[in-house]
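Survey of secondary and tertiary structure
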Amino acid sequence: MITADAFLEALNLPTEHPYIPYDASASDIPDAVAPKEWSITNYFYSWKDSPSSSPAAQDLTSSIDCSSNFPMPSWAAKFTSNNVCNSEVDGAPPAIAAGSNNTSTEVSFLEEISPCLVAMFHMNIILWAPIVLLICLRRLTKKPLHRNQRRKTHTHADRQDGGESETNKQTSSSKTFFPATTTADQHLTVTTHTKTKQTAHKGKKAKATQDTLSFFAFPTNVFSKAESQDEAAMSSPTGGYFTYIVGLFFSALVMTDPMYVFEFSQAALVLIHLLIITLGMKRLGAKVALYTALPVSAIAFYMIAHQDLNLPTFSPGLYYDESNSLVTTAVSKWPIDKRTYDDGRGTPWMMTGDTRTGLPFMFYKIPEIDFQRRWIPLPDEKEAVILDVAFPSNNVIESNKRVYLVLHGINGDSHEGYVADFVDRQVRQGNVVAVMVTRGLGDSPILGDNILHFARTKDVEAAARALKSAISEVSDDGGLLLSGVGYSMGAITLANYVATSGAQCDLDAAVAISGALDTREQVNFLRSASLWQPFITKALRDTLLSSFGNKIRSRLSQQQLQESIKAATLVDFDRTFFVPYHDFDSLEDYYSRLGAMGDFVSYDNPGRIANVSIPLLCVHSLDDPVGYWGVYRDPESVVHLGKGNTVLLFTKRGGHVGW
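Calculation notes
- Residues numbered from 1 in each chain as written.
- Predicted model: local features only at pLDDT ≥ 70, side-chain atom pairs only at ≥ 80, totals over all residues.
- Heavy atoms only, no water.
- Patch = residues over 30% accessible without salt bridge, like charges linked within 9 Å, V, L, I, M, F, W, Y side chains within 5 Å.
- Areas by Shrake-Rupley, 256 points an atom, 1.4 Å probe, with all protein chains shown as cover.
- Salt bridge = Lys/Arg side-chain N within 4 Å of Asp/Glu carboxyl O.
- Helix = DSSP H or I, 4+ residues; strand = E, 2+ residues; numbered from the N terminus.
- Buried < 20%, exposed > 50% of the residue type's maximum accessible area, 1.4 Å probe, protein only.
- Pairing = 2+ DSSP bridges.
- Axes fitted to C-alpha atoms, helices over the stretch in contact; angles between N-to-C directions.
- Contact = heavy atoms within 4.5 Å.
- Parallel < 35°, antiparallel > 145°, perpendicular 65-115°, else oblique.
- Left-handed = near helix turned anticlockwise from the far one by under 90°.
- Nonpolar A, V, L, I, M, F, W, Y, C, P; charged D, E, K, R; others polar.
- Polar contact = N/O pair within 3.5 Å; in protein donor to acceptor, adjacent residues only side chain to side chain.
- Phe/Tyr/Trp six-rings, centres within 6.5 Å; stacked < 30°, edge-to-face > 60°.
- Lys NZ or Arg CZ within 6 Å of the ring centre and 35° of its normal.
- Core = buried A, V, L, I, M, F, W, Y, C linked by side-chain atoms within 4.5 Å.
- Expected span 1.5 Å × (residues − 1).

A cluster of nonpolar residues, Leu 127, Trp 128, Ile 131 and Ile 135, forms a patch on the protein surface that exposes about 380 Å² of accessible area. Within the secondary structure, Ile 131 is located in helix α2 (residues 109-140). Overall, Ile 131 belongs to the partly exposed group, its relative accessible area being 41%.

The next point concerns the pattern of salt bridges. Tallied over the full model, the rule gives 21 salt bridges. Note that Arg 608 is salt-bridged to Asp 599, the shortest N-O span being 3.5 Å. You can call Arg 608 buried: its relative accessible area is 15%. For Asp 599, a relative accessible area of 29% gives the class partly exposed. Through salt bridges with shared partners, one network takes in Asp 518, Arg 520, Glu 521, Glu 588 and Arg 633.

Turning our attention to the sheet that holds strand β11 (residues 646-651). The nine strands are arranged β2-β11-β10-β9-β8-β6-β7-β4-β3 in an open sheet whose pairing can be described as mixed. With partners counted over all chains shown, the strands left at the sheet margins are β2 (317-319) and β3 (372-378), one partner each. Between one strand and the next, the sheet's axes are offset by a mean angle of 20°, whatever the strand orientation. Helix-sheet contacts for helix α1 (residues 4-11) involve β3, β4 (383-390), β6 (402-407) and β7 (432-436), and the interaxial angle to β3 is about 15°.

Interaxial distance between α1 and helix α14 (residues 458-474) falls to 8 Å at its minimum, and their mutual angle equals 125°. One finds that α1 runs oblique with respect to α14. Note that α1 runs across α14; the crossing there is right-handed. Between α1 and α14, the residues in contact are Ala 6, Phe 7, Ala 10 and Leu 11 and Ala 466, Leu 467, Ala 470, Ile 471, Glu 473 and Val 474, respectively. Classifying every residue of the contact of α1 with α14 gives nine nonpolar, no polar and one charged.

Right, let's get into the side chain of Asp 623. On the secondary structure map, Asp 623 appears in the loop between β10 (616-621) and α22 (635-638). Exposure remark for Asp 623: the relative accessible area of 1% places this residue in the buried category. Here Ser 621 takes part through its side chain, which lies 2.3 Å from a polar atom of the side chain of Asp 623. Within polar-contact distance, the side chain of Asp 623 engages the backbone nitrogen of Gly 654 at 3.1 Å. If near-sequence neighbours (up to four positions away) are discounted, Asp 623 is found in contact with Met 259, Phe 262, Glu 263, Thr 352, Gly 353, Arg 356, Lys 652, Arg 653, Gly 654 and Gly 655.

This part is about the packing of aromatic side chains. By the definition in use, this model includes 22 aromatic pairs. For the pair Phe 454 and Phe 578, a centre-to-centre distance of 5.8 Å together with 70° between the ring planes defines the contact as edge-to-face. Of this pair, Phe 454 sits in the loop between β7 and α14 while Phe 578 sits in helix α20 (residues 570-581), and the two are 124 residues apart along the sequence. Owing to a relative accessible area of 0%, Phe 578 belongs among the buried residues under this scheme. An aromatic cluster of three or more residues is present, and its members are Phe 454, Phe 573, Phe 577, Phe 578, Tyr 581, Phe 584, Tyr 590 and Tyr 591. Positioned above the aromatic ring of Tyr 581, the side-chain terminus of Arg 555 is 4.6 Å from the ring centre. In this arrangement the basic side chain of Lys 652 is found over the ring face of Phe 262, its NZ or CZ atom lying 5.7 Å from the centre.

A few words now on the nonpolar core. One finds Phe 7, Leu 387, Leu 405, Leu 507, Leu 517 and Ile 552 to be the most contacted residues of the largest nonpolar core, which totals 107 residues. If one sorts the elements of this core by residue count, α14 sits on top with nine residues. With near-sequence residues (within four places) excluded, Leu 517 lies in contact with Ala 495, Gly 595, Ala 596, Met 597, Gly 598, Ile 609, Cys 618, Val 631, Tyr 632, Val 638 and Leu 648. Among the nonpolar cores identified, the runner-up in size contains 28 residues, and Val 132, Leu 269, Val 270 and Leu 279 belong to it.

On to the pairing of β3. As judged from the seven bridges shared by β3 and β4, these two strands associate in the antiparallel manner. The partner of Pro 377 across the bridge, within β4, is Ala 384. As consecutive antiparallel partners, β3 and β4 are separated by four residues, and within that stretch Lys 382 has a phi angle of approximately 60°, a positive value.

The end-to-end C-alpha separation of helix α9 (residues 266-284) is 27 Å, in line with the 27 Å expected for 19 residues at 1.5 Å each. Taken residue by residue, α9 has Leu 269, Val 270, His 273, Ile 276, Ile 277, Leu 279, Gly 280, Arg 283 and Leu 284 as its buried positions. Once α9 finishes, Gly 285 follows within two positions and takes phi at roughly 100°, a positive value.

On to the environment of Phe 577, then. Looking at the secondary structure, you find Phe 577 in helix α20. Considered as a pair, Phe 577 and Arg 541 are 36 residues apart in the sequence and their alpha carbons are 9.1 Å apart. In this view, Phe 577 contacts Ile 451, Leu 544, Ile 552, Leu 556 and Ser 564; residues no more than four positions away in its chain are not counted.

This is the structure we're talking about:
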């Protein structure tokens, strides 16, 4: 058995930032407040380059000068105790002025958030489409009333209203002539009213029910009247026509949306559209229904004929090289039910990958994790990255357990939802989990100018080396294995590290979840660019600009900065921000270094993916609305590259890090 203290001692990493003389742990700082949790409203918070309202640009460096209008990062509170900010929100990075006093770099609030607003409007229409369609079908399938029935319905309602008015008049009159009544008089009135009702209905049970309703003066005709009015409204040209138009629009929308087509097939969605038209013909007449449907259907079918839905070209399942004995042995010991998701389990009530992606983030309760924070020194740059380590509750590590190195997603940290969920489950099983926080994220400082970019793998290399060294020191029999787990952007970085390091990889195995191999193909995923990427882009941009304003301003021109602020997608932001800041030759150059298959030319010249020396499992859902399935190219061919250590698992449903 190995204790947590022994493992940390073998890890031999500092508890403070090695190049800044202060305690970097927020939990050790009195009255420190942790960074605020993410909220979707954060996507619409914006800063503007206004010299009159914005303080001087701030960076998280050793020479922090906090403006009184903006809060100081929690990690710097103790180090700069002589200069404390009095702010309503503590623990958030300071705001910046992106440019100098030259107002030519100003970007209006509307210009910055308009992509998010458009995407949110589009997203809501897409998500609500099935519910709206069901409502329209329900209303259109109600049997329409004939004119005579409609007249009877209105006449009956008018009579009821008239009867109620007459009753109200009589009651009012009685109140006028007898302004005060005794309890006995009230009882007599109720009894008389009850007897009158009893003579009008037959059956003891019916009389008792009516007596009770009469006693409490319950309006028994409310529901029948509302239903009659609803039927009358649907039978009217206006009510039925509006429902018909809405049904036409949403049925045309779903049969041209790639996510719905992939989930339900285009033939089924076209039948729903034709059913709407048929019901409209019965409700409104053939001439009105067909003339109304003609333009909508013409556009929809034109899009079907000419639109490239870009649906997956391969089937879900497990792809691996059967000639690789290690991989084959692992697969044979892997129960099928543990690598299957499309058998009805999971969340079948979620209709598309959009809901399977968004709802878990919105409603899942993130568990609280007790991390031990350490810092990984990067001596060449005088920088350090955070390594948060979690141990089993008894602080004992069995020799047959595992150590995991986890890489979070874009703009995340060790408290990211799916990361915290994985950590919580693994420590309950007795395993050790270490989460490496991307440099500059998680409220961590960057002292030099080399801020984060996602093609960098040497930070992961340093973390894996430190963990591997600690394992070899505390585990004499070599029973502890070190496995890497990456999510989303962390999955891309992890796979790239495994491919780049080749035989020098310090991991024993790796799992990349909802990532990518050839990131150059991501530019072809237009649906992701229009629906999901505007939100992700703005969140990442706000984090970078609010934390590293001086560094960014020193590297980028005013025009480049303005273009990066206006970037609506991740591809645009990579092109306008990461490429010029880090001196990449082009977007193609950046993406070629970002993915494990970024330098892929052909299957005869595959590039670094052929250097994978450990089992690398990539898990991806084909309905992922954020990550493109095409980044894996041809799975049957990819798994045979090099020594066949790459394994691909695809599910039909699951969303982006959803399942």
